[in-house]
Amino acid sequence: MTDVLRAALLTASRNETVRRIVENAPVSRSVVRRFVAGTSVDDAVRATAGLVREGLTVSLDRLGEDTTEVGHADATTKAYVTVLGALAERELSTRAEVSVKLSAVGQALDESMALDNARAICEAAAAAGTTVTLDMEDHTTTDSTLGILRELRTDFPWVGAVLQAYLHRTEADCRDLATAGSRVRLCKGAYKEPPGVAFQSRLDVDKSYVRCLRVLMEGAGYPMVATHDPRLVRIACTLVDRTDRAKGSYEFQMLYGIRPQEQRRLAEDGETVRVYVPYGDEWYGYLMRRLAERPANVVFFLRALATTT
Ligand code: FDA
């Protein structure tokens with residue numbers, strides 16, 4: 001049943017009609033507030049400052065994806081440049097970077113345009129003294145995203161990659177990317193993928209996560225352990241001990257609003273913890289993926305709906 005619900009929500013995440021209904025439902029905004037820091041640059045900077053005060057670090061994500069217009073891709077690029085400037089101005093850029101979805105800066109329209117836009121964002125990040133991580137989207141974009149990553153890294157070696165443990169190919173990708181200076185965020189993967197390319201059961205995805213994490217921890221790069229799964233967090237700590245990694249040579253990452261106490265607990269233990277903070281108006285796809293990850297979130301959504309109607 002959970003798997004059916006998950007598949008339905010992930011299909012809905014890319015359906016225009018459902019999108020319009022959910023965006024206009026009175027309940028949506030209150031649910032969104034749990035996972036999204038706000039709509040404006042000021043909201044993003046305020047949330048960042050609060051998290052930094054608590055000893056956490058941040059990756060800001062300006063919400064938006066699957067852009068089909070050049071003007072929209074340009075506007076997203078400018079928005080990233082603006083927020084990077086605001087982080088520098090508030091002296092937050094040593095503790096906060098940005099995460100970018102290439103589909104939001106034109107990947108589906110023209111790969112070279114997406115590369116140029118990503119380059120402009122990297123230049124702004126370099127000027128602000130911080131870094132950029134390229135989010136990973138569905139498997140049809142993986143080769144293109146890793147190609148753009150390679151291009152960007154020739155000028156900006158600190159650009160981070162994301163690899164998704166649910167894909168069969170990821171263990172091999174981890175081997176390729178576990179090199180000196182290479183920042184790699186490992187997550188389970190949030191899209192609906194077919195059995196030909198991705199593990200389908202939770203157990204198989206978790207086992208793949210552990211294999212991939214071992215490769216990253218044993219390698220020379222900088223692993224970014226992106227999970228809320230308590231078992232995987234414990235396994236990551238064991239691998240850190242076994243590979244003699246010093247604190248600061250890897251980090252934990254979690255999403256804004258999910259397991260906040262655990263984020264603080266790890267930071268108090270001296271770990272680097274980065275919170276992925278989404279902001280902006282285009283929250284629909286992001287919200288649907290968060291609902292799909294946990295049936296209890298759907299109950300929360302429906303309960304809020306019942307109390308407002
Ligand atoms: P899992 O889903 O098994 O959850 C473990 C536990 O964490 C749950 O039992 C629950 O307690 C809590 N939890 C997890 N999700 C929750 C939710 N939505 N609401 C409430 N509680 C929740 N994916 C992708 O495809 N491309 C990407 O670029 C990224 N980027 C990214 C960055 C960061 C920093 C994180 C943490 C995650 C991503 N993801 C991602 C999402 C990732 O692929 C995955 O879908 C989610 O992290 C959920 O998987 P977990 O590893 O947390 O485990």
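Here the structure is a predicted model, which means the values were calculated and not measured.

Scoring rules and cut-offs
- As a convention, each chain's residues are numbered from 1 in the sequence order in which they are written.
- Totals for whole chains, interfaces and linings use all residues, but because this is a predicted model, local features are given only for residues with pLDDT of at least 70 and pairs of side-chain atoms are given and counted only at 80 or more.
- Computation of side-chain values: all heavy atoms of the structure, hydrogens and water removed.
- Secondary structure elements follow DSSP: runs of H or I of four or more residues count as helices, runs of E of two or more count as strands, with numbering from the N terminus.
- Atoms counted for the radius of gyration: C-alpha only. Globule rule: 2.2 Å times the number of residues to the power 0.38.
- Residues count as neighbours in contact if any of their non-hydrogen atoms are within 4.5 Å of one another.
- Per-residue and other accessible areas were derived by the Shrake-Rupley procedure at a 1.4 Å probe size, with only the shown protein chains allowed to occlude residues.
- When charges are counted, Lys and Arg contribute as positive and Asp and Glu as negative, whereas His and the chain ends are disregarded.
- We put the charge of a Lys on NZ, of an Arg on CZ, of an Asp on CG and of a Glu on CD.
- Using protein atoms alone on a 1 Å grid, points that fit a 1.4 Å probe yet trap it form a cavity, whereas open point sets bounded by protein on both sides within 12 Å along at least five of seven lines form a pocket; residues with an atom within 4 Å of a point count as lining.
- Grid points are joined across faces, edges and corners, and a volume is the space filled by probe spheres set on the points.
- Three residue categories are used. Nonpolar comprises Ala, Val, Leu, Ile, Met, Phe, Trp, Tyr, Cys and Pro, charged comprises Asp, Glu, Lys and Arg, and polar comprises the others, including Gly.
- A single heavy atom is enough: if one lies within 4 Å of a molecule or strand, its residue is considered near that molecule or strand.
- Pairing of N or O atoms within 3.5 Å defines a polar contact, subject to two protein rules: one partner must be a possible hydrogen donor and the other a possible acceptor, and residues neighboring in sequence count only if both atoms are side-chain atoms.
- Those molecules having more than half of their atoms within 2 Å of a cavity or pocket grid point set are described as sitting in that cavity or pocket.
- Angles shown run from 0 to 180 degrees and are taken between the N-to-C directions of axes, each axis being a line fitted to C-alpha atoms and, for helices, limited to the stretch in contact.
- Under this scheme an angle from 65 to 115 degrees is roughly perpendicular, one under 35 degrees roughly parallel, and one over 145 degrees roughly antiparallel; angles in between are oblique.
- Put simply, a crossing is left-handed when the front helix is turned counterclockwise from the back one by less than a right angle, and right-handed when it is turned clockwise.
- Counted as salt bridges are all cases of a side-chain nitrogen of Lys or Arg within 4 Å of a carboxyl oxygen of Asp or Glu.
- Throughout, exposure labels follow a simple rule: accessible area from a 1.4 Å probe, protein chains only, divided by the maximum for the residue type, with under 20% read as buried, over 50% as exposed, and the rest as partly exposed.
- Nine residue types can take part in a nonpolar core, namely buried Ala, Val, Leu, Ile, Met, Phe, Trp, Tyr and Cys, and a core is a set of them joined through side-chain atoms within 4.5 Å.
- A strand pair is defined by DSSP finding two or more bridges across the two strands.

A. How the structure looks around the overall build of the chain. Looking only at helices and strands, the chain has 13 helices and eight strands in total. The C-alpha atoms of the chain give a radius of gyration of 18 Å, which matches the 19 Å a tight globule of 309 residues would have. Reported as C-alpha extents along the three principal axes, the dimensions of the chain are approximately 55 × 40 × 40 Å. Of the contacts formed within the chain by residues at least 6 apart in sequence, a portion of 74% connects residues at least 24 apart. Total accessible area computed for the chain in this model is approximately 13,900 Å², and 52% of it derives from carbon and sulfur atoms. With 40 positive and 42 negative side-chain charges, the chain shows a separation of 6 Å between the mean positions of the two kinds.

B. Just empty space enclosed by the protein, in detail. The full count for this structure, using the stated rule, is one cavity of 30 Å³ or more. The volume enclosed by the largest cavity comes to roughly 30 Å³. Taken together, Leu177, Ala178, Ser182, Val184, Leu216, Gly221, Tyr222 and Pro223 form the lining of the largest cavity. Taken together, the residues of the lining of the largest cavity sort by class into six nonpolar, two polar and no charged.

C. How the structure looks around the site of the ligand. The environment of the ligand is made up of 25 residues, and the closest members are Lys188, Gly189, Thr227, His228 and Glu293. Taking Arg202, its side chain carries an N or O atom lying 3.3 Å from an oxygen atom of the ligand. Between the ligand and the protein, one listed contact pairs an oxygen atom with a side-chain N or O atom of Thr227 at 2.6 Å. Across the complex, the protein chains shield 88% of the 930 Å² of accessible surface that the ligand would expose by itself. Structurally, the ligand is housed in the largest pocket. When contributions to the shell around the ligand are tallied by element, the ones reaching two or more residues are strand S4 (161-164), strand S5 (183-187), strand S7 (251-255) and helix H12 (284-293).

D. Inspection of the packing of helix H4 (residues 41-53) against helix H5 (residues 70-89) at higher detail. Between H4 and H5, the least distance of the axes is 10 Å, while the angle of their chain directions is 40°. Regarding the angle of H4 to H5, the classification is oblique. At the point where H4 passes H5, the crossing takes the right-handed sense. Residue-level inspection shows Val41, Ala44, Val45 and Thr48 of H4 in contact with H5, the latter providing Thr82, Val83, Ala86 and Leu87. Residues of the contact of H4 with H5, tallied by class, amount to six nonpolar, two polar and no charged.

E. Broad picture of the pattern of salt bridges. This structure, assessed with the given rule, holds 19 salt bridges. A salt bridge links Arg169 to Asp173; the shortest N-O distance between them is 2.7 Å. A salt bridge links Lys188 to Asp206; the shortest N-O distance between them is 3.1 Å. Highlighted residues: Lys188 in the loop between S5 and helix H9 (202-218) and Asp206 in helix H9, separated in sequence by 18 residues. Residue classification places Lys188 among the partly exposed positions, given a relative accessible area of 23%. One salt-bridge network, in which partners are shared between bridges, spans Arg14, Asp66 and Asp138.

F. Spatial organisation of the nonpolar core. With 69 residues, the main nonpolar core has Leu60, Val98, Leu134 and Leu186 as its most contacted residues. Beyond its immediate stretch of four places on either side in the chain, Leu134 contacts Val100, Leu102, Thr145, Ile148, Leu149, Leu152, Val159, Gly160, Ala161 and Val162. Counting residues in each nonpolar core, the second largest holds 21 residues, with Val22, Leu255, Tyr276 and Val298 among its members.

G. Representation of the sheet that holds S4. Pairing within the open sheet is parallel, and its eight strands lie in the order S3-S2-S1-S8-S7-S6-S5-S4. Both outer strands of the open sheet, strand S3 (132-134) and S4, are each paired with one neighbouring strand and no more. Across the sheet, the axes of successive neighbouring strands diverge by a mean angle of 30°, strand direction being ignored. Sheet analysis places S7 next to strand S8 (residues 273-279), joined by four bridges and oriented parallel. In the strand pairing of S8, Gln253 is matched with Arg274.

H. Representation of the layout of surface pockets in the model. In this model, the largest pocket occupies a volume close to 1,300 Å³. Taken together, 44 residues make up the lining of the largest pocket; nearest its centre are Lys188, Gly189, Ala190, Arg290 and Glu293. Contributing elements (two or more residues each) for the lining of the largest pocket: helix H1 (2-12), helix H3 (28-35), S4, S5, H9, S7 and H12. The residue makeup of the lining of the largest pocket, split by class, is 19 nonpolar, eight polar and 17 charged.

Keep in mind these values describe shape, not function.
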